[in-house]
Amino acid sequence: MKKAQEIVAKFNQERGWDKDITYLKDFLLNICEETGEVWNLIKWINIEKQKKVIEEHKDEWVDFIGDELFLVLKIAYLLDIDAQEAFEATMRDYEKRFPAEKIRKLKHGNPLAGGVDDKKEAEESKK
Ligand SMILES: [Mg+2]
């Protein structure tokens, strides 16, 4: 992660795009745009067809992952956020919110659909 952040920082510095948040909102929209590109591949089709389309368009999914990682790391760069620390904090939070033993039984993390999300407990433990 640290190496990836350094690559993004160098890329931006070489282009004189140093720490300017003028276009922060555009990077956020860009994340949605990239999501829309892959959504277009699988929208409104059943799961079997989705599997086939994903396999046939794997290169576009590879681009999606690369583009999204760049955009997230670009935002981290602009805001001086350590992406490794942010990721580790998120995973610590998810470990509390979605306890493996409960999730294995209930299958997912949506309480409205019978799953479990111990968000309140996770918030309390941060205090
Ligand atoms: Mg793209």
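Residues numbered from 1 in each chain as written. Predicted model: local features only at pLDDT ≥ 70, side-chain atom pairs only at ≥ 80, totals over all residues.

A few points about the overall build of the protein chain
Part 1 of the argument: The number of helices and strands found in the protein chain is 7 helices and 0 strands.
Part 2 of the argument: Listing the helices and strands of the protein chain from first to last along the sequence gives α-α-α-α-α-α-α.
Part 3 of the argument: Here the C-alpha radius of gyration of the protein chain, 18 Å, is well above what a compact globule of 127 residues would show, namely 14 Å.
Part 4 of the argument: Along the first, second and third principal axes, the C-alpha set of the protein chain runs to 50 × 45 × 25 Å.
Part 5 of the argument: Going through the 127 residues of the protein chain one by one, you find that 4% of them count as buried.
Part 6 of the argument: For the protein chain, restricting intrachain contacts to residue pairs at least 6 apart in sequence, the fraction spanning at least 24 positions comes to 51%. (Helix = DSSP H or I, 4+ residues; strand = E, 2+ residues; numbered from the N terminus. Rg over C-alpha atoms; globule rule 2.2 N^0.38 Å. Buried ≥ 20, exposed ≤ 12 C-beta atoms within 10 Å, placed from the backbone. Contact = placed C-beta atoms within 7 Å.)

Things to note about the packing of helix α1 (residues 2–14) against helix α4 (residues 58–78)
Part 1 of the argument: At a closest axis distance of 9 Å, the pairing of α1 and α4 adopts a crossing angle of 75°. Put simply, α1 runs roughly perpendicular to α4. The residues of α4 that touch α1, namely those facing Ala4, Gln5, Val8, Ala9 and Asn12, are Phe70, Leu73, Lys74, Ala76 and Tyr77.
Part 2 of the argument: The class makeup of the residues in the contact of α1 with α4 is 7 nonpolar, 2 polar and 1 charged. (Axes fitted to C-alpha atoms, helices over the stretch in contact; angles between N-to-C directions. Parallel < 35°, antiparallel > 145°, perpendicular 65-115°, else oblique. Nonpolar A, V, L, I, M, F, W, Y, C, P; charged D, E, K, R; others polar.)

Thoughts on the domain arrangement of the protein chain
Part 1 of the argument: Assigned domains of the protein chain: these are domain 1 (1–81) and domain 2 (82–127).
Part 2 of the argument: Summarising the inter-unit geometry, the C-alpha centres of domain 1 and domain 2 are found 24 Å apart.
Part 3 of the argument: Each side of the interface is counted separately: domain 1 has 6 residues, and domain 2 has 5 residues.
Part 4 of the argument: Counting only elements with at least two residues in the side of domain 1 that touches domain 2, the list comes to α1 and α4.
Part 5 of the argument: Here the side of domain 1 that touches domain 2 is built from residues that sort into 4 nonpolar, 1 polar and 1 charged. (Domains from an automatic or database assignment.)

Here we look at the confidence of the model for the protein chain
Part 1 of the argument: Residues at a pLDDT of 70 or more form 100% of the protein chain, whose mean pLDDT is 94.
Part 2 of the argument: Mean pLDDT in the protein chain bottoms out at helix α7 (residues 119–126), which sits at 86, and peaks at α4, which reaches 98. (pLDDT = per-residue confidence, 0-100.)

Considerations on the environment of aspartate 93
Part 1 of the argument: Tracing the backbone through its elements, the reader meets aspartate 93 in helix α5 (residues 83–97).
Part 2 of the argument: Classification of aspartate 93 as partly exposed rests on a count of 15 C-beta atoms within 10 Å.

Regarding unusual backbone geometry
In terms of backbone geometry, most residues other than glycine have negative phi values and most peptide bonds are trans.
Part 1 of the argument: One non-glycine residue, tryptophan 44, adopts positive backbone phi at about 60°.
Part 2 of the argument: Tracing the backbone through its elements, the reader meets tryptophan 44 in the loop between α2 (24–42) and α3 (47–56).
Part 3 of the argument: A count of 7 C-beta atoms within 10 Å places tryptophan 44 in the exposed class.

Let's talk about the packing of α5 against α7
Part 1 of the argument: Between α5 and α7, whose axes approach to 8 Å, the crossing angle comes to 130°. With respect to each other, α5 and α7 are oriented oblique. Crossing angle aside, the handedness with which α5 passes α7 is right-handed. Contact residues: Asp93, Lys96 and Arg97 in α5; Lys119, Glu121, Ala122 and Ser125 in α7.
Part 2 of the argument: Broken down by class, the residue content of the contact of α5 with α7 amounts to 1 nonpolar, 1 polar and 5 charged. (Left-handed = near helix turned anticlockwise from the far one by under 90°.)

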